[in-house]
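Chain by chain, the residues:
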Amino acid sequence: MTASDLSGETYGFAAPRGRVYDSITNVVGGTPLVAIPHQSEEDELTARVLLKLEFFNPLGSVKDRIGTAMVLAAEKEGRITPGRTVLVEPTSGNTGISLAFVAAARGYRLVVTMPEGASIERRRMLRLMDAQVELTPARMGMAGAIARANEILNETPDAWMPDQFDNDANPAVHAATTAQEIWVDTAGKVDVVVAGVGTGGTATGIAEALKKHRKDIQVFGVEPAESAILNGDEPGPHGIQGIGPGFCPATLHTKSLNGVLTVSEREAIAAARRCARLDGIPVGISSGAALHAALQLAKKPEYAGKTIVAIAPSFAERYLSTSLFNGL
Ligand code: PMP
């Protein structure tokens, strides 16, 4: 190769985007679908399993889609105004970080309430983007954070809560973007999608949109075995952050799904670690849960020759202080 050979094709890299972006919020979506050749070989799979890598979003998780979509939808409805409205959301997870970048980029103040004990990395990321973080007593859990957010909402003139668990813009953005990206990138050759259920927005939006393309596409949710409420069990503590909220949210339409599979924390972590080790893709714990469920399906004879897409919501590094890294 010579220095004058300036094509990325030599390296097998992605093509240039052919545009510049006016705002960081325009960079959301368009995440890649990637094969897992070494895991597939080790498992002797005949089905094709692909991961949709949502950590390619600007702030590193699937939540960048809803953070942006909920704010844009409320602006369009005239409910919120940049420079005036204060956004308030109870969240200890990726949604806060996503709302923070959108709030900074579009000119809103953001208050995030979360139980004390949420990781220091998250709190600092929020503060870096100028969000206000209000910690609530750990013993009250998420209920305490929700109660405090409601108090702030009532005390503050022109405050608005995106409320990811009860906002139609959540499943809608996955129907309009995540699902269509899967359809286009596989050239319509997708048979199954597996997605962890937190708010249920990802699984619901993908299911409702893909089934309009082809009715026989199957979409499965995934919930923690330790808190399998969608399978009739009691809610319980578990370590798969982002999924298994312990109730059935309005943003989850179970009727649109072909079923909800259960994966234990131990299985999720084992799958996430193996994905990093064998294929060089360090995913988060809930990604490990979706991947484990997808591999279980792929090993069944009835899925021979099928294409199964597992949604990988986030990157391993966001879980440095969790059991994902135990002993490392
Ligand atoms: N995994 C992670 C890491 C998440 O942050 C989320 C979003 N809470 C999910 C999975 C589940 O996505 P959804 O809320 O769309 O069901």
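Below or above, wherever it landed, is the structure these notes cover.

Thresholds applied
- Residues numbered from 1 in each chain as written.
- Predicted model: local features only at pLDDT ≥ 70, side-chain atom pairs only at ≥ 80, totals over all residues.
- Heavy atoms only, no water.
- Salt bridge = Lys/Arg side-chain N within 4 Å of Asp/Glu carboxyl O.
- Helix = DSSP H or I, 4+ residues; strand = E, 2+ residues; numbered from the N terminus.
- Buried < 20%, exposed > 50% of the residue type's maximum accessible area, 1.4 Å probe, protein only.
- 1 Å grid on protein atoms, 1.4 Å probe; cavity = no way out; pocket = protein on both sides within 12 Å on 5 of 7 lines; lining within 4 Å.
- Points joined across faces, edges and corners; volume = space filled by probe spheres on them.
- Domains from an automatic or database assignment.
- Nonpolar A, V, L, I, M, F, W, Y, C, P; charged D, E, K, R; others polar.
- Near = heavy atom within 4 Å.
- Areas by Shrake-Rupley, 256 points an atom, 1.4 Å probe, with all protein chains shown as cover.
- Phe/Tyr/Trp six-rings, centres within 6.5 Å; stacked < 30°, edge-to-face > 60°.
- Pairing = 2+ DSSP bridges.
- Contact = heavy atoms within 4.5 Å.
- Axes fitted to C-alpha atoms, helices over the stretch in contact; angles between N-to-C directions.
- Parallel < 35°, antiparallel > 145°, perpendicular 65-115°, else oblique.
- Left-handed = near helix turned anticlockwise from the far one by under 90°.

Remarks on the pattern of salt bridges
- The tally for this structure, following the rule as stated, stands at 14 salt bridges.
- Between Arg 65 and Glu 181 there is a salt bridge, with the nearest N and O atoms lying 2.9 Å from each other. Pair noted here: Arg 65 is in helix 2 (residues 63-76) and Glu 181 is in helix 6 (residues 169-185), with a separation of 116 residues, a long-range link. Of the two residues, Arg 65 and Glu 181, both sit in the buried class.
- Across the pair Glu 151 and Arg 148 runs a salt bridge, and its minimum N-O distance is 2.7 Å. Taken together, the positions of Glu 151 and Arg 148, both in helix 5 (residues 141-155) and 3 residues apart, correspond to about one turn of that helix.
- The network of salt bridges with common partners includes Glu 42, Asp 43, Arg 274 and Lys 299.

Structural notes on the layout of surface pockets
- Looking at the largest pocket, its volume works out to about 1300 Å³.
- Secondary structure elements with two or more residues in the lining of the largest pocket: helix 2, strand 3 (86-90), helix 3 (94-106), helix 5, helix 6, strand 7 (192-196) and helix 7 (201-213).
- The greatest single-element share of the lining of the largest pocket, amounting to 4 residues, is contributed by helix 5.
- Shared between two domains, the lining of the largest pocket takes at least three residues from each, and those domains are domain 1 (24-56 + 172-325) and domain 2 (81-157).
- In this structure, the second largest pocket occupies an estimated 320 Å³ of space.
- Contributing to the lining of the second largest pocket are 14 residues, with Ala 14, Arg 17, Gly 30, Pro 32 and Phe 56 lying nearest its centre.
- A breakdown of the residues in the lining of the second largest pocket according to their chemical character gives 7 nonpolar, 5 polar and 2 charged.

Notes on the site of the ligand
- The full set close to the ligand counts 16 residues, and Lys 63, Gly 198, Thr 199, Thr 202 and Ser 286 are the nearest of them.
- Contact with the protein chains removes 94% of the 390 Å² of surface that the ligand exposes when unbound.
- Across the shell around the ligand, the residue classes break down as 4 nonpolar, 11 polar and 1 charged.

Quick word on the packing of aromatic side chains
- Throughout the structure, instances matching the rule amount to 4 aromatic pairs.
- Each ring, one from Phe 55 and one from Phe 315, has its centre 4.8 Å from the other, and the planes form 55°; the classification is tilted. Of this pair, Phe 55 sits in the loop between strand 2 (48-53) and helix 2 while Phe 315 sits in the segment after strand 10 (307-312); the two residues are 260 residues apart in sequence, bridging distant segments of the chain.
- For the ring pair Phe 165 and Phe 247, a centre distance of 5.2 Å and an interplane angle of 55° mean the geometry is tilted.

Some remarks on unusual backbone geometry
- One non-glycine residue with positive phi stands out, namely Glu 44, at about 50°.
- Structurally, the position occupied by Glu 44 is in the loop between helix 1 (37-42) and strand 2.
- Unusually for a residue other than glycine, Asp 163 sits at a positive phi of about 50°.
- For Asp 163, the position within the fold is in the loop between strand 6 (159-160) and helix 6.
- Exposure remark for Asp 163: the relative accessible area of 28% places this residue in the partly exposed category.

Section: the pairing of strand 10
- Counting buried positions over the 6 residues of strand 10 gives 6, a clear majority of the element.
- Sheet topology note: the strand 2/strand 10 ladder contains 6 bridges and is parallel. Note that in strand 10 the partner of Leu 53 across the bridge is Ala 312.
- Across 3 bridges, strand 7 lies against strand 10 in parallel orientation. Bridging from a neighbouring strand, Val 193 pairs with Val 309 of strand 10.

Side note on the environment of Pro 235
- Structurally, Pro 235 is set in the loop between strand 8 (218-224) and strand 9 (259-263).
- It is 9.7 Å that separates the C-alpha atoms of Pro 235 and Ala 225, two residues lying 10 residues apart in sequence.
- Apart from residues no more than four positions distant in its own chain, Pro 235 is found in contact with Ser 227, Ile 229 and Gly 246.

Quick look at the environment of Glu 234
- Assignment of secondary structure puts Glu 234 in the loop between strand 8 and strand 9.
- In this structure, Glu 234 is in contact with Glu 226, Ser 227, Ala 228 and Ile 229, ignoring residues within four places of it in sequence.

Here we look at the packing of helix 2 against helix 3
- Closest axis-to-axis distance for the helix 2/helix 3 pair is 8 Å, and the angle between their directions is 50°. Compared by their axis directions, helix 2 and helix 3 come out oblique. Every pair of crossing elements has a handedness; the one defined by helix 2 and helix 3 is right-handed. Contacts between helix 2 and helix 3 pair Lys 63, Asp 64, Ile 66, Gly 67, Thr 68, Met 70, Val 71, Leu 72 and Glu 75 from the former with Asn 94, Thr 95, Ser 98, Leu 99, Phe 101, Val 102 and Arg 106 from the latter.
- Broken down by class, the residue content of the contact of helix 2 with helix 3 amounts to 7 nonpolar, 5 polar and 4 charged.

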